[in-house]
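Chain by chain, the residues:
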Amino acid sequence: MDYKLSDAEISIMQLLWSNGPMKAAEIAEYAIEKNGWKKNTTYTIINRLIGKAAVKRVDPGFICQPLCQKSDVSRIEARNLIDKLYNGSINVFMQAFLEEQDISREELEALKRLIEER
């Protein structure tokens, strides 16, 4: 499935990926502390995630269980970023990325191996 998640939705997914299934009330407490969100805001975001089939609601207790893998969302988000900012060109993205980053010789060699394997 093509999960297109907002930053707020990803914030909640990160929590679920790190901790596993959680009660919605626990997620709301975390979001109040970390993001300053109101409880209703958090529940709205959780319900959006349920609607997108990224989270499953398990009752009793309104337990939120992630249905998508972090790696799947990461791959989709990376592709969306490249499409949006670099006209879909991985080459242009890599040039921009490498110009701005301090990359060690080991990291460059690892990237080279990845490219050669593909």
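Before any of the text, the structure's been laid out above.
In this convention, every chain numbers its residues from 1, walking through the sequence in written order. With pLDDT at 70 or above as the cut-off, local features in this predicted model cover only qualifying residues; side-chain atom pairs require 80 or more to be listed or tallied, and sums for whole chains, interfaces and linings still use all residues. In computing side-chain values, all of the structure's heavy atoms are included and hydrogens and water are not.

Some details on helix 3 (residues 39–51)
Point 1. Compared with an ideal rise of 1.5 Å per residue, which puts 13 residues at 18 Å, helix 3 spans 18 Å between its outermost C-alpha atoms and is within 8% of the ideal.
Point 2. Within the sequence span of helix 3, burial applies to Thr 42, Tyr 43, Ile 45, Ile 46 and Leu 49. Axial view of helix 3: buried residues confined to an arc of 160°, hence all on one face. Away from the buried face of helix 3 by more than 90 degrees, exposed residues Asn 40 and Gly 51 are located.
Point 3. Contacts: residue pairs with any heavy atoms within 4.5 Å of one another. Helix and strand definitions here come from DSSP, where helices need a minimum of 4 consecutive H or I residues and strands a minimum of 2 consecutive E residues; each element is numbered from the N-terminal end. Structurally, helix 3 contributes buried residues whose contacts are with helix 1 (7–19), helix 2 (24–35), strand 2 (55–58) and strand 3 (63–66).
Point 4. Phi turns positive, to about 60°, at Ala 53, one or two residues after helix 3. Residue count minus one, scaled by 1.5 Å, sets the expected span of a helix. Summary of the burial criterion: residues with accessible area below 20% of their type's maximum are buried, those above 50% are exposed, and those between are partly exposed, where the area comes from a 1.4 Å probe applied to protein chains only. The arc under discussion is defined with respect to the helix axis, by the directions toward the C-beta atoms.

Topic: unusual backbone geometry
Negative phi is the rule for most residues except glycine; trans is the rule for most peptide bonds.
Point 1. Cis geometry marks the peptide bond from Asp 59 to Pro 60; its omega dihedral reads 0°.
Point 2. Note that Pro 60 resides in the loop between strand 2 and strand 3.
Point 3. In this structure, Ala 53 is a non-glycine residue whose phi angle is positive, near 60°.
Point 4. With respect to the element layout, Ala 53 can be found in the loop between helix 3 and strand 2.
Point 5. Using a relative accessible area of 30% as the deciding quantity, one classes Ala 53 as partly exposed.
Point 6. Backbone geometry at Asn 87 places phi at a positive 50°, although glycine is not the residue there.
Point 7. Locating Asn 87 in the fold gives a position in the loop between helix 4 (70–86) and helix 5 (90–100).
Point 8. What makes Asn 87 exposed here is its relative accessible area of 75%.

A look at the packing of aromatic side chains
Point 1. What counts as a ring pair is set by centres within 6.5 Å for rings of Phe, Tyr and Trp (its six-membered ring), and what kind of pair is set by the plane angle: stacked under 30 degrees, edge-to-face over 60, tilted for all other angles. Tallied over the full model, the rule gives 3 aromatic pairs.
Point 2. On the basis of an interplanar angle of 25° and a centroid distance of 5.9 Å, the ring pair of Phe 93 and Phe 97 is categorised as stacked. Of this pair, Phe 93 and Phe 97 both sit in helix 5, 4 residues apart, roughly one helical turn.
Point 3. Aromatic ring contacts, followed pair by pair, group Tyr 86, Phe 93 and Phe 97 into a single cluster.
Point 4. Any Lys NZ or Arg CZ that is within 6 Å of a ring centre and within 35 degrees of that ring's normal is treated as a charge sitting over the ring. Between Arg 57 and the ring centre of Phe 62, over which it is positioned, the NZ or CZ distance is 3.7 Å.

Quick word on the side chain of Thr 42
Point 1. Within the secondary structure, Thr 42 sits in helix 3.
Point 2. On the basis of relative accessibility, which here comes to 0%, the residue Thr 42 falls in the buried class.
Point 3. Setting aside residues no more than four positions away along its own chain, Thr 42 makes contact with Ile 12, Ile 27, Ala 28, Ala 31 and Trp 37.

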